[in-house]
Amino acid sequence: MEREQVVTIGLHTNPTELVCSSLASSPLPTVDTLATAIAPSLASKQPGSEEFLSKLVAEASLTVMPKNPKDFNVDSVRVVKILGGGLEQSRVVRGMVFGREPEGIVKSAKKAKVAVYTCGLDIAQTETKGTVLLKKADELLDFTRGEEKQLEGVSFLDPEGIKLTVQYFKEIADSGVKLIIAGSGIGDLALHYLNRMGIAVVKVLSKFDLRRLCRVFGATPLARLGAPTPEEAGMIDVFETIEIGGDRVTVFRQEDGERTRTATVVLRGATANYLDDLERSIDDGVNNVRILLRDGRQVPGAGASEIELAARVAEYGAITPGLAQHAIRRWAESLEVVPRTLAENAGLPAEDVVSALYAAHKEGATDAGVDIDAETPPAVRRTTIPDANRPGSAVTILDAFASKDWAIKLATEAAISVLRVDSIIVAKQAGLAPPKRQGHWDED
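Residues numbered from 1 in each chain as written. Predicted model: local features only at pLDDT ≥ 70, side-chain atom pairs only at ≥ 80, totals over all residues. Heavy atoms only, no water.

Visitor: Sorry if this is basic, but what is going on with the pairing of strand 9 (residues 234-244) here?
Guide: As a general feature of sheets, a regular strand has side chains that alternate between the two faces. Sheet analysis places strand 4 (residues 109-117) next to strand 9, joined by 5 bridges and oriented antiparallel. Its bridge partner being in strand 9, K110 is matched across the sheet by V238. Note: strand 9 against strand 10 (residues 247-253), 7 bridges, orientation antiparallel. Across the sheet, F239 pairs through a bridge with F252, a residue of strand 10. (Pairing = 2+ DSSP bridges. Helix = DSSP H or I, 4+ residues; strand = E, 2+ residues; numbered from the N terminus.)

Visitor: How do you make sense of the confidence of the model for the protein chain when you look at a structure like this?
Guide: Any residue range with low pLDDT should be treated as having predicted coordinates unsuitable for detailed reading. Within the protein chain, residue pLDDT values average 76, and 77% of them lie at 70 or more. Low pLDDT (under 50) marks residues 1-12, which in the prediction has 23 contacts with non-local residues, meaning those over four places away or in another chain. (pLDDT = per-residue confidence, 0-100. Contact = heavy atoms within 4.5 Å.)

Visitor: Is there a simple way to explain the sheet that holds strand 8 (residues 200-203) in this structure?
Guide: Through backbone hydrogen bonds, the strands of a sheet pair up, either in parallel or in antiparallel fashion. The strand order across the open sheet built from 8 strands is 2-11-3-10-9-4-7-8, with neighbouring strands paired in mixed fashion. Because the sheet does not close on itself, it has two edges, and the strands there are strand 2 (77-83) and strand 8. Averaged over all neighbouring strand pairs, the angle between strand axes comes to 50°, with direction disregarded. Sitting on the sheet, helix 3 (residues 50-63) is in contact with strand 2, strand 3 (91-98) and strand 11 (263-269), with an inclination near 60° to strand 3. (Axes fitted to C-alpha atoms, helices over the stretch in contact; angles between N-to-C directions.)

Visitor: How do you make sense of the pattern of salt bridges when you look at a structure like this?
Guide: Here the idea is simple: oppositely charged side chains can pair when their charged atoms come close. Enumeration according to the criterion identifies 15 salt bridges in this entry. Here K81 ties to E279 by a salt bridge, and the two come within 2.9 Å at their closest N and O atoms. In this pair, K81 is assigned in strand 2 and E279 in helix 8 (residues 272-294), connecting sequence segments 198 residues apart. Judged by its relative accessible area of 36%, K81 is partly exposed. Looking at E279, the relative accessible area reads 29%, which means it is partly exposed. In this structure, D209 engages R212 in a salt bridge whose closest nitrogen and oxygen atoms are separated by 2.8 Å. Highlighted residues: D209 and R212, both in helix 7 (residues 207-217), separated by 3 residues, approximately one helical turn. For R212, a relative accessible area of 11% puts it in the buried group. The structure contains a network of salt bridges with shared partners spanning D75, R78, D209 and R212. (Salt bridge = Lys/Arg side-chain N within 4 Å of Asp/Glu carboxyl O. Buried < 20%, exposed > 50% of the residue type's maximum accessible area, 1.4 Å probe, protein only.)

Here is the structure:
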């Protein structure tokens, strides 16, 4: 089908007529309103738990919401999985949570100044291995004292010949830093001095997590060892080590009343596979929040919009002369894949369900979708009106208009691109053929 014909179909069907609801981004929606809007996307992976999960996602999203909701960043909502307990023990933490304890003996601090280093907190190591021959006890003491001096105070000559002394950790302590985030290794001797000065140390080896922590603290990562400037240092309201389900975790939390740059959803579950499924569901919910804040329009879900579009496009194809009507009808049939897949996954006869949906839409019920909880056909329910006869279906099923609009556009463009390919180019492996083996490969 040519591009012009596709545009004509889109103008004829006018999919915006199916918009039945809209979520306003200004003023910001409440937790309950936002949770109701994103619950259907979570129910696709976690049916039965969508109400609890949607409130977690809504709370975490509104915690990190910027002044302009359209600038909402999905990376601001993090997920930490902790084995044990049940889903109902999951909660949202303002800030970031790491599944490990601090390195030193200092485990908590409040209103602490933070310095973030990407370099290692250790003495300088040579690239080659060497052997040191010690003949006296004094030589052994001097050898270890050299390492201590390197951290406690390092002296060197500047280009003008003036002797200068750099005391790394003393400078850091004098600047008021109470928490150090290390992006590399931490030596035992360095940890000893930091413990003596009452400075907490947390090792974060992931550069992505280090970048997110800098956003939480408002700090600048430093590649040099030394005291940070006021512009480079950050602040954290509460740094603490707590126990969740027998695991000790480190929490960087902002006080209530202050908007934080990152929120973490702490998920609890019995198995690792279950936690992975929950994490994917949370990711779907957060992305759905971003879509709805940019375009709050919603259309009937559960395959209702696809069946209505299929019926309208097929009707338009029937009055189109020429060979184009065949392509239009096939395009309309392709929209049936959504309700058909829903019926098959629910264990329902797909043909009967699709036929029942067409009949319901022909009678004027443009919001009729697949009822996955039904045991026998016709498995059809209204998606925009709660079913009073079934308490479990009191939530409406609505999908984001923007996601469906782009899905149809991109799928159509992909199909057109495939049909326009005149030949297939087969690429051969680059390089020479591997040498032939002499004898049997398993002689040894």
